[in-house]
Amino acid sequence: MRDYRQLDSAVSGLMRSVAGAVILPRFRNLASGEIAEKSPGEIVTVADREAEERLAAGLAALDGGVQIVGEEACAADPALLRDLGRGAVWLVDPLDGTANFAAGRQPFGMIIALAVDGVVEAGWLYDPVADRMCHAVRGGGAFIGGRPLRTWPARRRRPIAALATQFMTPDLRDDFHRRADGMFDRVPIPRCAAEHYPRLCLMQNDVAMFQRTLPWDHAAGALLLMEAGGRVARWDGGDYRIDDGKAGLLATASPALWEDARAALFDEAELEAVPALAVA
C-alpha cells in the first residue's frame, strides 16, 4: 500500500501557495461582481473558482492518474460524483465557508482529501488566516501543525454540541433542538467544515451533527477526527463512505459519547427519513 504520509509536504505546500496567491488577497477585498449565486442560497466567488483551478493543476502534477473532483466542477457537472467509489480520487473544496468569506468574516478554509475505492486515505484542512494545517492518514494518525492530535475525555457537566440543522424543515429542526437542549450545551455552528472538525479534535466542541454531507466537505474532517480518537458515522451507525449516497452524519470526540448522542438526538422516525433528506 502506498505511504500517503509522503504526500503531506507537497499537498500542504500547494494549499499554502494557493491560499497566499488567491484566497487571502481577496479576503475583505471582493468586488460585487466577484460574487455570484450558483444555486438557490449558495454563492460562489472568483476566489473559489480560481483556487480550485490552481489546486487541481497542482494535484494533477503530483499524480496525473488520479481523478480530481472539485466542488465547483461538480456544480457545473454533477455527473462527476458518479465514480467516487472507483479508483483513486482527489476531493477538493477550494474555499470552505464561502458565505463567511464573502461577508468578510471568519472562519473559512481549504479542504483536500484523497480516497481510494470510496475509502478516505488522507486528508488536509487548512485555515489560511491562522496558518493552521490539519492532516490525517488512515491508520497513520492525525496531526495539527505537524504535531500528533488526540482527543481526551471532556471534563464538563454537559457536552458542547454544534448541530447543523439549517437544511431541515422547521418542525424537524425544532424537534432536534428540543432534544439537544435536554442533554447538551448547544452552540452556533461555524458554517465551515474546515473549522467544525478541528473544534471536535481540539475538544472545543464535543458533538457535531450534519444533515447534508457533500463529500468534499466531510471526507478529510471525518478522517481527521477518527484518527484523533473520535467517531464519525451515519445516523444509523453505519460507516461513512464518500460514495454511499447517504445523508446525515453524527460526529463526536469519543466513541462512547457517540452512542449517548445518538440515543438523545434520534428516534426511528428520523432514521427512516434519512434517504429522503437532501444529499447534494
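Report follows, based on the coordinates. Note on numbering: residues in each chain are counted from 1, in written sequence order. Totals for whole chains, interfaces and linings use all residues, but because this is a predicted model, local features are given only for residues with pLDDT of at least 70 and pairs of side-chain atoms are given and counted only at 80 or more. Side-chain descriptors were evaluated using all non-hydrogen atoms of the structure, hydrogens and water having been removed beforehand.

**Quick look at the overall build of the chain**
For the purposes of this entry, the term helix denotes a DSSP run of H or I that reaches at least four residues, the term strand denotes a run of E that reaches at least two, and both are numbered from the N terminus. For the chain, the helix and strand inventory stands at nine helices and 14 strands. It is over C-alpha atoms that the radius of gyration is taken, and the globule rule equals 2.2 Å times the number of residues to the power 0.38. Scaling as 2.2 N^0.38, a compact globule of 280 residues should have a C-alpha radius of gyration of about 19 Å, and the chain matches this with 18 Å. C-alpha atoms of the chain, sized along the principal axes, occupy 50 × 45 × 35 Å. Buried positions account for 52% of the 280 residues belonging to the chain. Any two residues whose heavy atoms approach within 4.5 Å at even a single point are treated as in contact. Considering only intrachain contacts with a sequence separation of at least 6, the fraction spanning at least 24 residues in the chain is 64%. Every accessible area reported is derived by Shrake-Rupley at a probe size of 1.4 Å, with residue values counting cover from the shown protein chains alone. Summing over all exposed atoms, the chain offers an accessible surface of approximately 12200 Å²; the carbon and sulfur share of this is 50%. Between the centroid of the 31 positive side chains of the chain and the centroid of its 39 negative side chains there is a distance of 5 Å. For every residue, the accessible area obtained with a 1.4 Å probe (protein chains only) is divided by the maximum for its type, and the residue is called buried under 20%, exposed over 50%, and partly exposed between those limits. Note that His is not counted, nor are the chain ends; the positive residues are Lys and Arg, and the negative ones are Asp and Glu. The atom standing in for a charge is NZ when the residue is Lys, CZ when it is Arg, CG when it is Asp and CD when it is Glu.

**Points about the packing of helix H1 (residues 8-23) against helix H2 (residues 46-62)**
All axes here are fitted lines through C-alpha atoms, helices being fitted over the stretch that makes contact, and every angle between N-to-C directions spans 0 to 180 degrees. Viewed as axis vectors pointing N to C, H1 and H2 meet at an angle of 150°, and their least axial separation amounts to 10 Å. With respect to H2, the axis of H1 lies roughly antiparallel. Here H1 runs over H2; the crossing is right-handed. Note on element contacts: H2 touches H1 through Ala47, Glu50, Ala51, Arg54, Leu55, Gly58, Leu59 and Leu62, opposite Ala10, Val11, Leu14, Met15, Val18, Ala21, Val22 and Ile23. Classification convention: Asp, Glu, Lys, Arg as charged; Ala, Val, Leu, Ile, Met, Phe, Trp, Tyr, Cys, Pro as nonpolar; all other residues, Gly among them, as polar. Among the residues making up the contact of H1 with H2, the classes are represented as 13 nonpolar, one polar and two charged. Angles below 35 degrees are treated as roughly parallel, those above 145 as roughly antiparallel, those between 65 and 115 as roughly perpendicular, and all remaining angles as oblique. Each crossing gets its hand from how the near helix is turned against the far one by less than a right angle, where anticlockwise is left-handed and clockwise is right-handed.

**Notes on the sheet that holds strand E10 (residues 160-164)**
Criterion used throughout: strands pair if DSSP finds at least two bridges between them. A sheet is described by the order of its strands in space; here five strands give the open sequence E11-E10-E12-E14-E13, paired in mixed fashion. On the outer flanks of this sheet lie strand E11 (185-186) and strand E13 (231-233), each paired with one strand and no other. Here three bridges tie E13 to strand E14 (residues 249-252), and the two strands are oriented antiparallel to one another. Each residue of the ladder has a partner; that of alanine 233, found in E14, is leucine 250. Where helix H6 (residues 193-201) meets the sheet, it contacts E10, strand E12 (207-210), E13 and E14, and its direction lies at approximately 150° from that of E12.

**Observations concerning H2**
Count 3.6 residues to each turn of an α-helix, and residues three or four apart come out pointing the same way. Each residue after the first adds 1.5 Å to the expected span of a helix. Between its first and last C-alpha atoms H2 spans 25 Å; for 17 residues at 1.5 Å apiece the expected length is 24 Å, and the two agree. Taken residue by residue, H2 has Ala47, Asp48, Ala51, Glu52, Leu55 and Leu59 as its buried positions. Within H2, the buried residues cover an arc of 120° as seen down the axis, which keeps them to one side. When the buried face of H2 is taken as reference, the exposed residues oriented beyond 90 degrees from it are Glu53 and Ala61. Distance and chemistry together define a polar contact, namely a pair of N or O atoms within 3.5 Å, with one atom able to donate a hydrogen and the other to accept it when in protein, and with adjacent residues in sequence counting only for side-chain atoms on both sides. Between the side-chain oxygen of the N-cap and the backbone nitrogen of alanine 47 there are 3.1 Å, and the N-cap of H2 in question is threonine 45. This arc is taken over the directions from the axis of the helix to the C-beta atoms.

**Observations regarding helix H7 (residues 215-228)**
Between its terminal C-alpha atoms H7 stretches 20 Å, which fits the 20 Å expected from 14 residues at 1.5 Å a residue. Positioned one or two residues after H7, glycine 229 has a phi angle of 115°, which is positive.

**Remarks on the side chain of aspartate 93**
Its location among the elements puts aspartate 93 in strand E4 (residues 88-96). At a separation of 3.5 Å, a polar atom in the side chain of aspartate 93 contacts the main-chain amide nitrogen of aspartate 96. Those residues in contact with aspartate 93 that sit more than four places away from it in its chain are Glu71, Met110, Ile111, Trp216 and Asp217.

**Some points on the side chain of arginine 179**
Turning to its location among the elements, arginine 179 is positioned in helix H5 (residues 170-181). Note on arginine 179: relative accessible area 15%, which makes it buried. At a separation of 2.3 Å, a polar atom in the side chain of arginine 179 contacts the side chain of aspartate 175.

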